[in-house]
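# Understanding the architecture of this molecule
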Amino acid sequence: MRALSRIAAFAALLVPAAAQAQQVTQADPQGSGPIVSALMWLQGTLLGNVATAVAVMAVAAVGFMMLTGRLNWRFGATVIIGCFVLFGAASIVAGIQSAAA
């Protein structure tokens, strides 16, 4: 009888609904205000007007160098893909979160 109750308790731990019930809200932990503010500033800087202008100039320069044969195509593709990842990070994370839910 005791072994059966232990097995039932272990099986209850494996049920995903019990784990989801604990994850009602995702509030910031207490005392994390300065860290969250710093990360929001960093996000605003990385995705702001200055970063957009720098990314446009970088893609233009890399594209011109690739067309004239002065740059390795692999490095050029890496720069362009990096810009897509940087500016598409919010969409990428939202997609991952929706797939996990």
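This write-up is about the structure you can find in this document. Model, not experiment: these values are computed from the prediction. (Residues numbered from 1 in each chain as written. Predicted model: local features only at pLDDT ≥ 70, side-chain atom pairs only at ≥ 80, totals over all residues. Heavy atoms only, no water.)

## Some points on the overall build of the chain
For the chain, the count of helices and strands is six helices and zero strands. What you see in the chain, going N to C, is helices and strands ordered as α-α-α-α-α-α. Across the 101 residues that make up the chain, the buried fraction comes to 10%. Accessible area of the chain: about 8500 Å², with a carbon and sulfur share of 71%. (Helix = DSSP H or I, 4+ residues; strand = E, 2+ residues; numbered from the N terminus. Buried < 20%, exposed > 50% of the residue type's maximum accessible area, 1.4 Å probe, protein only. Areas by Shrake-Rupley, 256 points an atom, 1.4 Å probe, with all protein chains shown as cover.)

## Examining helix α6 (residues 89–100)
Look at α6: 16 Å from first C-alpha to last across 12 residues, which is about the 16 Å you get at 1.5 Å a residue. Among the 12 residues that make up α6, zero are buried, leaving the element largely open to the surroundings. (Expected span 1.5 Å × (residues − 1).)

## Digging into helix α4 (residues 49–68)
Each turn of an α-helix holds 3.6 residues, which means side chains three or four residues apart point in the same direction. In a regular helix each residue adds 1.5 Å, so 20 residues correspond to 28 Å; α4 covers 29 Å between its end C-alpha atoms and thus fits that length. When α4 is considered as a whole, its buried residues turn out to be A51, A55, V62 and M66. Projected down its long axis, α4 carries its buried residues within an arc of 35°, all on one side. In α4, the exposed residues that point more than 90 degrees away from the buried face are N49, V50, V56, M57 and L67. Close packing links the buried residues of α4 with α3 (33–46) and α5 (73–87). Residue G69 follows α4 closely and has a positive phi angle near 85°. (Arc of directions from axis to C-beta. Contact = heavy atoms within 4.5 Å.)

These figures come from the coordinates and say nothing about function on their own.
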